[in-house]
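Structural overview
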Amino acid sequence: MKVPFLNRPVKDLMVAGGFLLVCILLVFAAIWAYRQFITTPPYVDPERYPVRGIDVSAHNGNIDFDKVADAGMEFVFIKATEGGDFKDKSFRQNYDNAKRAGLKTGIYHFFRFDRDGVEQAINFLKVVGKRQPELGLVIDIEKTGNPDTIPNETIVRRLSEMVDYLNLLGHRVMFYTNRDGYYDYIAETYPGHPLWICGFTETPINAEWSFWQFNHRGEVDGITGDVDLNTFCGNRAEWQRFLQGDIWPYSQPAKQ
């Protein structure tokens, strides 16, 4: 018996389905390639950079900081706030438990491009309270998670307002960002300012830095799932001097 040819609507539907399947496969392939290659962490020499730490927020769930300390982590940056009114629900618990475990702490605020700088500083300080973290206060400034319609000059102005307000009250401020964020918002206005840089190459940035976030997919005892891994820029002697307030160190890895 002769099999009739498929009619055109069915053929068109099959072609469209095949195209959709190819697109889905390409998306998954791109995600896999990104995780495997683009974000593959660099080798960070433990002899050159022996002091390691993490950064956390409510996203990391309940954390056993005693296990984190036993795993060799010595410091932690903890999210406190975001924008003009958001407060991280795990900040108090994370901060108290990290201190009890003997970890040195820093406290960070995620900077919103679309909120007033002073408003953000006030929100940050309300949560920080009288706490005095050894690593100081950090402003996390990056494009990810922010609207892309705000002019750069507006972002820099709002950032300057926040920094000025914090400095006026005696707080030393460090910036967290990646390469693009550094050159777009920080390099010209705050050259040489304490920097916590995110980068996945053995030379994370052609600028001085104090801390380096080199891995977004680290595994540390006491934390379920991935956690960001960081290193301090110097050796143990410099770490101790830094904690005593004698120096605010910077480092730039030698070019490979």
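Here is a short report on the structure shown in this document. (Residues numbered from 1 in each chain as written. Predicted model: local features only at pLDDT ≥ 70, side-chain atom pairs only at ≥ 80, totals over all residues. Heavy atoms only, no water.)

Structural notes on helix H7 (residues 236-243)
In an α-helix there are 3.6 residues to a turn, and that puts residues three or four apart on one side. Here is the rule we go by: Pairs of N or O atoms are called polar contacts if they sit within 3.5 Å, as long as, within protein, a hydrogen donor faces a hydrogen acceptor (for residues adjacent in sequence, only side-chain-to-side-chain pairs). In DSSP terms, a helix is any run of H or I states spanning at least four residues, a strand is any run of E spanning at least two, and both are numbered starting from the N terminus.
For H7, the N-terminal capping position is held by Asn 235, with its side-chain oxygen 3.1 Å away from the main-chain nitrogen of Ala 237. Positioned one or two residues after H7, Gly 245 has a phi angle of 85°, which is positive.

Things to note about the packing of aromatic side chains
Put simply, the test is: Two rings from Phe, Tyr or Trp (for Trp, the six-membered ring) form a pair when their centres sit within 6.5 Å of each other. Planes less than 30 degrees apart are called stacked, planes more than 60 degrees apart edge-to-face, and all others tilted. Each residue gets one of three labels from its accessible area relative to the maximum for its type: buried under 20%, exposed over 50%, partly exposed in between, using a 1.4 Å probe on protein chains only.
In total, this model carries 22 aromatic pairs according to the counting rule given. Taking the centre distance of 6.3 Å and the plane angle of 85° together, the rings of Tyr 49 and Trp 212 count as edge-to-face. Of this pair, Tyr 49 sits in the loop between helix H1 (8-38) and strand S1 (52-56) while Trp 212 sits in strand S8 (residues 211-218), and the two are 163 residues apart along the sequence. For the pair Tyr 49 and Trp 212, a shared accessibility class is recorded, and that class is buried. Ring centres 5.7 Å apart and planes at 65° place the aromatic pair Trp 209 and Trp 212 in the edge-to-face group.

Examining the packing of helix H4 (residues 117-128) against helix H5 (residues 152-168)
Heads up, the rule is: Fitted lines through C-alpha atoms serve as axes, helices being fitted only where they are in contact, and the angles separating the N-to-C directions of these axes extend from 0 to 180 degrees. Orientation is classified from the angle alone, with under 35 degrees giving roughly parallel, over 145 giving roughly antiparallel, 65 to 115 giving roughly perpendicular, and any other angle giving oblique. A clockwise turn of the near helix away from the far one marks a right-handed crossing, whereas an anticlockwise turn of less than a right angle marks a left-handed crossing. Throughout, a contact is declared for two residues whenever any of their heavy atoms are within 4.5 Å.
Where H4 meets H5, the axes come as close as 7 Å, and the angle between the chain directions of the two elements is 45°. The orientation of H4 with respect to H5, classified from their angle, is oblique. Taken as a pair, H4 and H5 cross one another with a handedness that is right-handed. Two secondary-structure elements touch here, H4 through Gly 117, Val 118, Gln 120, Ala 121, Ile 122, Phe 124 and Leu 125 and H5 through Arg 158, Glu 161, Met 162, Tyr 165 and Leu 166.

Some details on the pairing of strand S7 (residues 195-198)
To be explicit about the condition: Paired strands, as defined in this entry, are two strands with at least two bridges between them according to DSSP.
Of the two faces of S7, the one lined by Leu 195 and Ile 197 and the one lined by Trp 196 and Cys 198 are each fully buried. Of the strand pairs in this sheet, strand S6 (residues 173-178) and S7 are connected by four bridges, and their pairing is parallel. Following the sheet pairing, Thr 177 is matched in S7 by Ile 197. In terms of strand pairing, S7 meets S8 through three bridges, oriented parallel. Considered in S8, the bridge of Trp 196 is made with Phe 211.

Everything listed is a geometric property; what it means functionally is a separate question.
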